[in-house]
Every structure is written in structure tokens, then in C-alpha cells.
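Listed below, chain by chain, are the residues.
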Amino acid sequence: MTRSVYYAAFGAPDTLTVGDVEPMPMGPDCVRVAVAGAGINPVDYKIGLGYLAGAIETFFPLVTGWDVAGTVTEAGPAVHALTVGDRVYGYARMDVVKHGTAAEQVVLPDRLLAPAPESVDLVTAAAVPLTGLTALQLVQRMEIVPGEVVLVHNAAGGVGQFAVQLARLAGARVIGTASVRNHDHLRALGVEPVEYGEALVEQVGELAPEGVDVVLDLVGGGALDQSDGLLADAGRVGSIADGAGALARGGAYVFVRPSSAGLAELAGLIDAGQLSVDVAGTYPLDQAVAAYERLQEGHVRGKLVLVP
Ligand SMILES: NC(=O)c1ccc[n+]([C@@H]2O[C@H](COP(=O)([O-])OP(=O)(O)OC[C@H]3O[C@@H](n4cnc5c(N)ncnc54)[C@H](OP(=O)(O)O)[C@@H]3O)[C@@H](O)[C@H]2O)c1
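If you're wondering where the values come from, they're calculated on a predicted model, not measured in any experiment. (Residues numbered from 1 in each chain as written. Predicted model: local features only at pLDDT ≥ 70, side-chain atom pairs only at ≥ 80, totals over all residues. Heavy atoms only, no water.)

Student: Go over the overall build of the chain with me, naming the residues and quoting the values.
Tutor: When you go through the chain residue by residue, the secondary structure sums to ten helices and 18 strands. Taking 19 Å as the expected radius of gyration for a compact globule of 308 residues, we find that the chain reaches 19 Å, a close match to that expectation. Seen along its three principal axes, the alpha-carbon backbone of the chain occupies a region of about 60 × 40 × 35 Å. Here the chain holds 308 residues, and 55% of them are scored as buried. The contacts in the chain between residues at least 6 apart in sequence include a share of 69% that link residues at least 24 apart. For the chain, the computed accessible surface area is about 12600 Å², with 51% contributed by carbon and sulfur atoms. (Helix = DSSP H or I, 4+ residues; strand = E, 2+ residues; numbered from the N terminus. Rg over C-alpha atoms; globule rule 2.2 N^0.38 Å. Buried < 20%, exposed > 50% of the residue type's maximum accessible area, 1.4 Å probe, protein only. Contact = heavy atoms within 4.5 Å. Areas by Shrake-Rupley, 256 points an atom, 1.4 Å probe, with all protein chains shown as cover.)

Student: Could you give me a rundown of the packing of helix α3 (residues 129-141) against helix α4 (residues 158-169), with the residues and numbers involved?
Tutor: It is the contact of α3 with α4, at a shortest axis distance of 8 Å, that shows an interaxial angle of 40°. In terms of their interaxial angle, α3 and α4 are classed as oblique. The way α3 lies across α4 gives a crossing that is right-handed. Contacts between α3 and α4 pair T131, G132, T134, A135, L136 and V139 from the former with G158, V159, F162, A163, L166 and A167 from the latter. Looking at side-chain class alone, the contact of α3 with α4 contains eight nonpolar, four polar and no charged residues. (Axes fitted to C-alpha atoms, helices over the stretch in contact; angles between N-to-C directions. Parallel < 35°, antiparallel > 145°, perpendicular 65-115°, else oblique. Left-handed = near helix turned anticlockwise from the far one by under 90°. Nonpolar A, V, L, I, M, F, W, Y, C, P; charged D, E, K, R; others polar.)

Printed below as a string of C-alpha cells:
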């Protein structure tokens, strides 16, 4: 058994319980990881609320969390790329939802993991996988080329912090939406900030009178509607939060997939000093409810991490 944050049934974050849960059995291709940090994401509480019940099979008790960083303490007999003592990180989404990462230890197939970046501590590494991979897969999917103008809706959140940096690394000029208190932070990342809300269309129109080439929608709601008149000819849209809206516009919907190759790429960028990671706060497992309630308010800059 391992101390874990879990749902006994569907419910809001305040129904999360902290207690002992049996980890997944050690398969031959699995490793056991002593968890140093488990980043939290909106999808965790959305699963609790049952929003994904029609899409992913769910079993209780359900240990929450898909992000992890820690140290390998045991390796199955078929594991060859990882060994006891390795620092690893991973986006641990499996085909069913039951064994999450918000626990003192977790057993995972090695294919979900990669060596953690060496230049940051494991708590910071735990803030990267899900949102970093989402940003990487979306930016790559949009085939951004140098000189393009990219508008990022929700530039300062968990996914946004990585999306703006990866779009800049692709050579784009990036305009990002966030509330004013996050504008200096975005400027430091080389982003031209604008406020979201009614004034957005006018502000972006002034910054990019010829139109934007790419819209990355990381918030949903009316973001794509607001973007329609801002797109340049042959402009394209991608979303992680409004699949129907993106597809209706001939754009791309990205649902992040686990990828150890993608994690290795992100670790390389972090270690090269090209990608920074913003951890807004850490919480012990006992305070997971407070962490998720803060996340659910929707105004965290960067990431929150549970630390066992
Ligand atoms: N399809 C996928 O694979 C995938 C993967 C990851 C996430 N998602 C989804 O994508 C969304 C974003 O995820 P996330 O982890 O980045 O969320 P998050 O970190 O919780 O987002 C928080 C940020 O949203 C900003 N924000 C709130 N309302 C906004 C608005 N109307 N316009 C622009 N920014 C706004 C807040 O900025 P202020 O504090 O400045 O208000 C805050 O910085 C969520 O719905 C999540 O479930 C989907």
C-alpha cells in the first residue's frame, strides 16, 4: 500500500481522500518510482467530476494525477533503459483511469517515462510532462515557421507557459493573452501580452494589422470566435480545449499523448536553458484539496505540484 490522494467515487475536489491505496502490480516492463512531485492539471478534477467518463474507462478507488517525477526504486525484469536510482519524469496517462501519480510511490510502464531534466530539481520536473507535451505536440502539429505571427489564448497557464516558449523557439512572433498581472512575466518570455476579454480583438488587431498566421486556443469558450476576424489569409487554428470549434474551422485538435521521445526533447531544451518552468506553488499530499480548489479557480500562473 502507498499513501495516495484518491477519489472513492465521482465528485468535486473536496471529496478527495488521502490514505493508503494498493499501487499497480509490477509488470515485467514496469518500474516503481519514489515520487518527488506530482504536477496537477485541470483534467484531474474534470475526471473526478465525471467529464471524461464517456471517453476513458474509470475505476475506483481512483488515484488522481498524471504527472510525475521521482527516482526509480525497482525495475521489472524486462526493463533495460532505466535502472534503480535513475531520476525520471513522465506523463502517466494509461488506457484506463485508476492508478494516478499523486502518491508516495507509483508503478508505471517504462514507456511512459524518460530521464528527468538534470538542471532542475524533481519537483520542478514534475511540473512539465502533461502541459509540456501538450504544448510541444500542438506547436509541432501547427508547423509554425520562422517569422509567423502566433496568437496564444491563455499564455500564462500550465500549457501556455510552454506553448509561448516553444512557438518563440520555432521562430514565431508571439502575442499572448493573460490578465495584466501576468504581462511582465510574458514580456520576459519574449511575448507581446494582451488582456483577454472584450478588448482582445481590438488590441490584437493593432499589434498585427495584417492578421495572425496561427491561433493556439488553450482556453476554449469563445476564443476561436474572437479569433476568426484576426486570422491572416491562409491562417490556421489549433485548439486543446475546443475540438469541435477547431475542426469546424479546418484546424487541428490536439489531445496530448504520452511520449517518452517528447519528454526527452523537453528535457533537452530545459537543460540547454531554452525552456523555463514556472512552478506557482507546492502542496503536501494532505493539502491536495486546497491545491485542486486553487487550480479549479482557473487563475494559476504556471503549475502547482503535490509533494509527498
Ligand atoms: N487537449 C489536451 O490534451 C489538453 C491538455 C492540457 C490541458 N487541456 C485543457 O486546456 C485548458 C488549459 O489548461 P492549463 O493546464 O493551461 O490550465 P490552467 O493552467 O489552469 O490555466 C490557468 C490560466 O488560465 C488563464 N485564463 C483564465 N481564463 C482565461 C481566458 N478567458 N483567456 C485567457 N486566459 C485565461 C489564467 O490567467 P489569469 O490568471 O491571467 O486570469 C491562468 O493563468 C484546460 O481546459 C485543460 O483542461 C487540454
